[in-house]
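Structural description and commentary
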Amino acid sequence: MLRNYFISAHRNLVKSKIFSSVNILGLAIGMTAFLMIMHYVIFERSYDKFHDDYENIYRIRYERYSEDGSSVKFASCCPPAGALIRERYPEVQELGRLVRYKASVSYEGQYFMEERMYFAETDFFKIFKVNFIEGDPFTGIAEPGNAFISKSTAEKYFGNYDPIGKVFSVDKNTDYQVTGVFEDIPQNSHLKFDILLSFKNLETLYGDEYLTAWGHTGMFTYAKLLPGTDLFAFEEKLDALVEEKFGEALKYYKMEMKLPVQPLADIHLNSNFMQEYEINGNKDAVNILFIIAVFVIIMAWVNYINLSTAGALNRAKEVGLRKVVGANRSNLVIQFFSEVILINLFAVLISVLLVYLLTPFFNELTGMTLSVNILMQNWFIPTLAGLFIIGVIFSGFYPVIAMSSFKPLTVLKGNFINTEKGSRLRKGLVVFQFAIAFILLTGTIAVYKQISFMQDQELGFSVEQTLIVQSPRVRTQAYGEDLKTFKQSLAKINEIKIVSHVTEVPGRQIYWDAGAIHKQGEDASKGKNYQIVGVDYDFVDLFDLELAAGRNFSIEFTADNENLMMNETAVKFMGFESNESAVGQKVDYWGNIFTIVGVVKDYHQQSLKEDFEPHLFRFMPEGRGIRGQIAVKLNSANMKQTVEFVESKYEEFFPGNPFVYFFLDEYYDQQYKADLQFGKVVGMFSILAVIITLLGIFALSLKSALQKTKEIGIRKVLGAEVSNVLILLSKDFIMLLLISFLIALPILYYGLNKFLDSYANRIELDVLLFILPMLAIVFVTIVTTAFQFIKAALANPIKSIRYE
């Protein structure tokens, strides 16, 4: 019997090719969109959940607050806290620490700048799941001079040779022997590392001055707590520890320090602190995409309902005849559900094919680099099965029940008329589709307008033709003189305008901050947090910065190492009345007295998403320690040749250092990469939502034309023009559009304002932003419905009346 139902269902689908194709296409598009978005959402939410007992793993951070409420928040912790926490508190099962160490690594003449290298305690491996190919994680780096490396790093340095026992050099001053190899860290980990060095080498390198300093940061600290630990009570214990060890200093400066604990699984989507390993994800963006996925699949199901009920007119007499010859309602329900199952099954098969074909494109669009086949992931088949089952029930229930309830006498007499209740439901569903399409389309335009606005604004400094080279880490005793001569040798050629050395170039986050800085003579409690940049004489000129007051550092002034400049925000932050009044004033910088000699106009150190921060500029021509960048302002049409010249000089003056460089304009624009990707993804699925909506409009226009065939014929016989008929058929759609826009507008206005408020520099919402997508939807709706309405309006009225 079931076989007969499916054979009959197949015949009906073939008979109504257009309706069947549109139904299947709409469902397939909806399923594909849902699966692709879920691919991204599930991946983003999966970060760090592959670790055993990840629910009990936490990162202990560092936060510092001034009396005025200003604060600085770090992803890392202060160095001495971890060891004390491990010793004192029984709820801490395990605690492991790491310190990031960006350095030059060499082996047999190869030099690489390693960005993902860390000093690590052996207890780290008791917390995190690291799959070792060779070596013992608990003893391999227990001794100084030992190192673990990833599989890909082993291949990079040693090729196909066994890496165990091989020795490489870090900054050409410390040798490490490879004692273990681990699998590459999964992409869905917030902490990715390629080389792990013995923690005992850190103790030798930095000494007690760093390891016992409560005011320092950079020590990434992770703890595995006992299940059920009261986090609030645990943080109170950490507050007491800070008070015990660092309370006197905090009282003197009237500052407050916290060591908050952060769940491991929350880091990727909820963390944007200083010293993060990499740019983390955005929880709001992920949630928005998930909501879009849900709406898109619902719109596809709604389309099926509208298309099916539109086709019910053609099936009414079939239902009447079946009932006359003995079919009961249950037989009809099974028959129609057989068609629903077949349509959804075909849609599923097409969707799987589309997902397979589009995954590489989607991964590129979202910035995902997963090599795993989406079809083989453990969530895919259950999700697909769920879509199929829910789709059959949700999209099939109303049409099946409606068609199986037709009364045979009524439909065979030709007096079949849809109920007002059913008509309202279908129109309501179309309003829902219009509203969602309008919201998505307007949201996409707003995202692109915001990004365009930020990219078009004046940054306050010059980024064009600026080459940034990583400062050398391998240095001789004469490094200062080498750097000076290197800069002079570059400036001699016409292709290079000027060269400067700086601890952090514009466009990069400043990691050097200092608190408790205040005017000389003020109480220490007036001290605040400032970001510090070490610069040389050429910094202002190279980046075309403007001075608001005072002077730049100059070779004519021999005492500039006791002076500083500040930006306009710092002037206000420190409480000076004007830029001019700040010049000549003394500043207490942790007990050292500096004189303000100049005020630099505010410039956007980072993207326009961020507001201006208070900056202090210290004269440090050789940088701070081994950190820094060399900025080279080019004046050349032949970039490649000029960069090669800079590289040759770099290798001449700083042998043993890899030449690592980037162009500032490209690097600066990378800050908008995540926003652009989000805009592209939302835009792509907005277009799909519009397409699905248009399929629904096509169904409703066809239904409207069929329902009013007799009315149109009578009106034309009585003298109605084609234009009158078109107005008659179009007015319902115009009304639905207006209702959907009125519903969507307040939602859009609230949502967009909330979204844009996350930007320090944002666009203002104007009427045009809402008008353009509205007109676009009106236009495509007219185009979609025009064919059916014009066809109905031009039809021979005699045939229309006779048909009815």
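Let me begin by describing the structure that accompanies this report.

In this model, helix α5 (residues 199–211) (13 residues) spans only 11 Å end to end at C-alpha, well below the 18 Å of a helix rising 1.5 Å per residue. Largest kink in α5: about 75°, centred on L205. Turning to α5, the residues buried within the fold contact β4 (92–100), β7 (117–120), β11 (174–182), β12 (195–198) and β13 (219–225).

Turning next to the nonpolar core. Among the nonpolar cores identified, the biggest contains 52 residues, and L289, I292, F380 and F685 are the most heavily contacted of them. Listed by contribution, the elements that provide at least two residues to this core are α2 (17–45), α8 (283–310), α10 (329–366), α11 (380–404), α13 (420–456) and α20 (673–707). By residue number, the principal contributor to this core is α2, which donates 14 residues. Apart from the residues lying within four places of it in its own chain, the contact partners of L289 are I37, Y40, V41, F678, V681 and V682. Core analysis: the second largest hydrophobic core is formed by 30 residues, L84, F246, L250 and A516 among them.

Before going further, it helps to examine the sheet that holds strand β17 (residues 496–502). Read from one edge of the open sheet, four strands run β17-β25-β16-β26, paired in antiparallel fashion. Edge strands, defined here as strands with exactly one partner in the open sheet, are β17 and β26 (661–663). Pairwise comparison of adjacent strand axes, ignoring direction, gives a mean angle of 20° for this sheet. Taken together, the three bridges between strand β16 (residues 466–470) and β26 define a ladder with antiparallel strand orientation. Bridging across to β26, V469 finds its partner in Y661. Contacts from helix α14 (residues 479–491) reach β17 and β25 (629–634), with the element oriented near 160° to β17. Across the sheet, helix α18 (residues 639–653) is in contact with β16, β17, β25 and β26; its angle to β16 comes to roughly 30°.

Here we have three strands laid out as an open sheet, ordered β3-β2-β14, and antiparallel in their pairing. Since the sheet does not close on itself, it has two edges, and those belong to β3 (71–74) and β14 (256–258), each with one partner. Neighbour to neighbour, the strand axes of the sheet diverge by 10° on average, direction disregarded. In this sheet, β3 lies alongside strand β2 (residues 62–65) in antiparallel orientation, the contact comprising four bridges. If you follow Y62 over to β3, its bridge partner there is F74.

Our focus in this paragraph is the pairing of strand β10 (residues 167–170). For strand β5 (residues 103–107) and β10, the ladder comprises two bridges, and the chain directions are antiparallel. Paired with S106 across the two strands is S169, which belongs to β10. Relative to β11, β10 runs antiparallel, the two sharing four bridges. Looking at β11, one finds that F168 is bridged to Y176. Hairpin connection between β10 and β11: a loop of three residues separates the two successive antiparallel strands, and D171 in this loop has a positive phi of roughly 55°.

To continue, consider the packing of aromatic side chains. Enumeration over the complete set of coordinates arrives at 46 aromatic pairs. Summarising the aromatic geometry, the rings of Y537 and F619 are spaced 4.6 Å apart at their centres and angled 40° between planes, so their arrangement reads as tilted. Of the two residues, Y537 sits in the loop between β19 (528–535) and α15 (539–542) while F619 sits in strand β24 (residues 615–619), which places them 82 residues apart along the sequence. Following the ring pairs from residue to residue traces out a cluster consisting of F124, F125, F128, F132, F148, F182, F193 and Y222. Here R61 stacks its cationic end above the ring of F273, 3.7 Å away from the centre of that ring. Lying over the aromatic face of F112, K156 brings its terminal NZ or CZ to 4.7 Å of the ring centre.

Our focus in this paragraph is the packing of helix α3 (residues 81–88) against helix α6 (residues 231–253). The contact between α3 and α6 brings their axes to 11 Å, and the two run at 120°. Between α3 and α6, the angle is such that the two are oblique. Crossing hand, α3 versus α6: right-handed. Residues A81, L84, I85 and R88 of α3 form the contact with α6, whose participating residues are F234, L238, L241, E244 and K245. When its residues are assigned to classes, the contact of α3 with α6 shows six nonpolar, no polar and three charged.

In a regular helix each residue adds 1.5 Å, so 15 residues correspond to 21 Å; α18 covers 21 Å between its end C-alpha atoms and thus fits that length. Among all positions in α18, only T642, V643, V646, Y650 and F653 are buried. Down the axis, α18 shows its buried residues gathered within 100° of arc, on one side only. In this structure, α18 carries K640, Q641 and E652 as exposed residues pointing more than 90 degrees from its buried face. For α18, the elements touching its buried residues are β16, α14, β17, β25 and β26.

What follows concerns the pairing of β5. Within β5, five of the five residues are buried, which leaves the element mostly enclosed by the surrounding structure. Here β5 shows no split at all, with A103, V105 and Y107 on one side and S104 and S106 on the other all buried. Note: β5 against strand β6 (residues 110–114), five bridges, orientation antiparallel. When the bridges of β6 are listed, S104 appears paired with M113. From the end of β5 to the start of β6, which pair antiparallel, there are two residues, and E108 there has a positive phi angle of about 50°.

Conventions and cut-offs
- Counting from 1, residues in each chain are numbered in the order their sequence is written.
- Owing to the predicted nature of the model, reporting of local features is limited to residues with pLDDT of at least 70; listing and counting of side-chain atom pairs is limited to 80 or more, with chain, interface and lining totals taken over all residues.
- The side-chain quantities take in all heavy atoms of the structure and omit both hydrogens and water.
- A helix here means a DSSP run of H or I that spans at least four residues, while a strand means a run of E at least two residues long, and both kinds are numbered starting from the N terminus.
- One fewer than the residue count of a helix, multiplied by 1.5 Å, yields its expected span.
- Consider a residue and the seven residues that end there alongside the seven that start there; fitting an axis to each set, the bend is the angle between those axes.
- Residue contacts follow a heavy-atom distance rule, with two residues in contact if any of their heavy atoms lie within 4.5 Å.
- Among buried residues, the Ala, Val, Leu, Ile, Met, Phe, Trp, Tyr and Cys ones that are joined through side-chain atoms within 4.5 Å form a nonpolar core.
- When a residue's accessible area, from a 1.4 Å probe over protein chains only, is under 20% of the maximum for its type it is buried; when over 50% it is exposed; and in between it is partly exposed.
- By the convention used here, strands pair only if DSSP detects at least 2 bridges between them.
- Axis geometry follows a simple rule: fit a line to the C-alpha atoms, using only the stretch in contact for helices, then measure angles between N-to-C directions, giving values from 0 to 180 degrees.
- Here a pair means two rings of Phe, Tyr or Trp (six-membered ring of Trp) with centres within 6.5 Å. Their orientation is stacked below 30 degrees between planes, edge-to-face above 60, and tilted elsewhere.
- Throughout this description, the term charge over a ring refers to an Arg CZ or Lys NZ atom that lies within 6 Å of the ring centre and within 35 degrees of the ring normal.
- For classification purposes, angles smaller than 35 degrees are called roughly parallel, those larger than 145 roughly antiparallel, those between 65 and 115 roughly perpendicular, and all remaining angles oblique.
- By convention, the crossing between two helices is left-handed when the near helix turns anticlockwise from the far helix through less than a right angle, and right-handed when the turn is clockwise.
- When residues are grouped by polarity, Ala, Val, Leu, Ile, Met, Phe, Trp, Tyr, Cys and Pro land in nonpolar, Asp, Glu, Lys and Arg in charged, and all others, Gly among them, in polar.
- Arc definition: it is the arc formed by the directions from the helix axis to the C-beta atoms.

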